[in-house]
Amino acid sequence: QVQLVESGGGLVQAGGSLIVSCAASGDTSSSYTMGWFRQAPGKEREFVAVISRSGGYTDYADSVKGRFTITRDNAKNTVDLQMNSLKPEDTAVYYCAARERIVVTTDPKMYRYWGQGTQVTVSS
């Protein structure tokens, strides 16, 4: 099993930047596909970004493409989401998730491990 802990959320003005981080602990001997998802009040959880085990492949939701960047440091067992040009519609709880399978997917149902989430609020 792996435990995930997010950090770095907060309040930022529209147009600003923020980094949210995810630290993995526990059984980190296995590599995991890592994803970031978000959930706004009254909405379903949605895909934001995903990164492959090696970090060589990434994918983004259309709504964040060109503004967000996902990276990972396998030596430190961390995954970061750099968020630039933030918009009020980016306001949500951001969750880090891990998947044991090598196949990259954007479906949150395919991720087994989840962090507790970190709030990101973008004011207009």
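Residues numbered from 1 in each chain as written. Predicted model: local features only at pLDDT ≥ 70, side-chain atom pairs only at ≥ 80, totals over all residues. Heavy atoms only, no water.

Chemist: Requested: an account of unusual backbone geometry, with residues and values cited.
Modeler: Positive phi, close to 60°, is recorded for Asn-77, a residue that is not glycine. Following the sequence through the fold, Asn-77 ends up in the loop between strand S7 (68–73) and strand S8 (78–83). Even without glycine at this site, Ser-85 takes up a positive phi of about 50°. Along the polypeptide, Ser-85 turns up in the loop between S8 and strand S9 (92–99). Relative accessible area serves as the criterion here: at 41%, Ser-85 is assigned to the partly exposed category. (Helix = DSSP H or I, 4+ residues; strand = E, 2+ residues; numbered from the N terminus. Buried < 20%, exposed > 50% of the residue type's maximum accessible area, 1.4 Å probe, protein only.)

Chemist: Can you lay out the state of the cysteines for me, pointing to particular residues and giving the numbers?
Modeler: Per the stated rule, a full pass over the model turns up one disulfide. Each sulfur of the disulfide joining Cys-22 and Cys-96 lies 2.1 Å from the other. Judged by the sign of its S-S torsion, about -75°, the cystine formed by Cys-22 and Cys-96 is left-handed. Placement of the pair is Cys-22 in strand S3 (residues 18–26) and Cys-96 in strand S9, with a sequence separation of 74 residues. Across this residue pair, the class does not change: Cys-22 and Cys-96 are buried. (Disulfide = S-S within 2.5 Å.)

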